[in-house]
Amino acid sequence: MSGRVRRKQVAAALETATRAAPPEACALCARPFGRRIEWHHVLPKSEGGRETVPLHPICHRTIHASASNAELARIYPTLDALLEREDIRRFVAWIADKPPDFHAPTRRKQA
């Protein structure tokens, strides 16, 4: 077996092991997960970010509808900073009593 094939197998096994136990709650709204989980780069990947956090799809879309990648990198480099935004706080309060797989259309902010 070549070194490259072996490295790919080890990487796949590590990824499976780290993702084997699904996270219990969304990093933004703290609700339990349903069937779908999306991984969000806290600092956008385009800005060199590597850390990811688990989110509901609606929470992930709300973040990207509220702020551009440049804003996320400069102004909101952490989830705590993002939660200081009034529109994100209102969203988290609104979504709090919805079921885990709840989905609704997400719109970009008006310019």
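This text goes with the structure placed above it.
Thresholds applied
- Residues numbered from 1 in each chain as written.
- Predicted model: local features only at pLDDT ≥ 70, side-chain atom pairs only at ≥ 80, totals over all residues.
- Heavy atoms only, no water.
- Salt bridge = Lys/Arg side-chain N within 4 Å of Asp/Glu carboxyl O.
- Buried < 20%, exposed > 50% of the residue type's maximum accessible area, 1.4 Å probe, protein only.
- Helix = DSSP H or I, 4+ residues; strand = E, 2+ residues; numbered from the N terminus.
- Core = buried A, V, L, I, M, F, W, Y, C linked by side-chain atoms within 4.5 Å.
- Contact = heavy atoms within 4.5 Å.
- Axes fitted to C-alpha atoms, helices over the stretch in contact; angles between N-to-C directions.
- Parallel < 35°, antiparallel > 145°, perpendicular 65-115°, else oblique.
- Left-handed = near helix turned anticlockwise from the far one by under 90°.

**Let's talk about the pattern of salt bridges**
For step 1, the next point in the chain: Scanning the model with the defined rule gives six salt bridges in all.
For step 2, the next point in the chain: In this structure, the salt-bridge partner of R36 is E38, at a minimum N-O distance of 3.4 Å.
For step 3, the next point in the chain: R36 sits in the partly exposed class, given a relative accessible area of 46%.
For step 4, the next point in the chain: Since its relative accessible area comes to 13%, E38 is described here as buried.
For step 5, the next point in the chain: A salt bridge links E38 to R61; its shortest N-O distance comes to 2.8 Å. Of this pair, E38 sits in strand β1 (residues 38-41) while R61 is found in helix α2 (residues 57-66), placing the two residues 23 residues apart along the sequence.
For step 6, the next point in the chain: Owing to a relative accessible area of 36%, R61 belongs among the partly exposed residues under this scheme.

**Considering the nonpolar core**
General note: in soluble globular proteins, nonpolar side chains tend to be found buried as a group.
For step 1, the next point in the chain: Judged by nonpolar contacts, the single largest core of 21 residues is most densely connected at C26, L28, L55, C59, I63, L82 and F91.
For step 2, the next point in the chain: Of all elements in the fold, only β2 (52-55), α2, α4 (79-82) and α5 (86-95) reach the threshold of two or more residues within this core.
For step 3, the next point in the chain: Sorting elements by how many residues they give to this core places α5 first, with four residues.
For step 4, the next point in the chain: Not counting residues up to four positions away in its chain, the partners in contact with I63 are L28, H40, L55, L72, L79 and L82.

**Re the packing of α2 against α5**
For step 1, the next point in the chain: Taken N-terminus to C-terminus, the directions of α2 and α5 make an angle of 160°; their axes are 11 Å apart at the nearest point. On the basis of their axis angle, the class for α2 and α5 is roughly antiparallel. Once α2 is placed against α5, the crossing between them reads as right-handed. Judged by residue contacts, I58, C59, T62 and S66 of α2 engage D87, I88, F91, W94 and I95 from α5.

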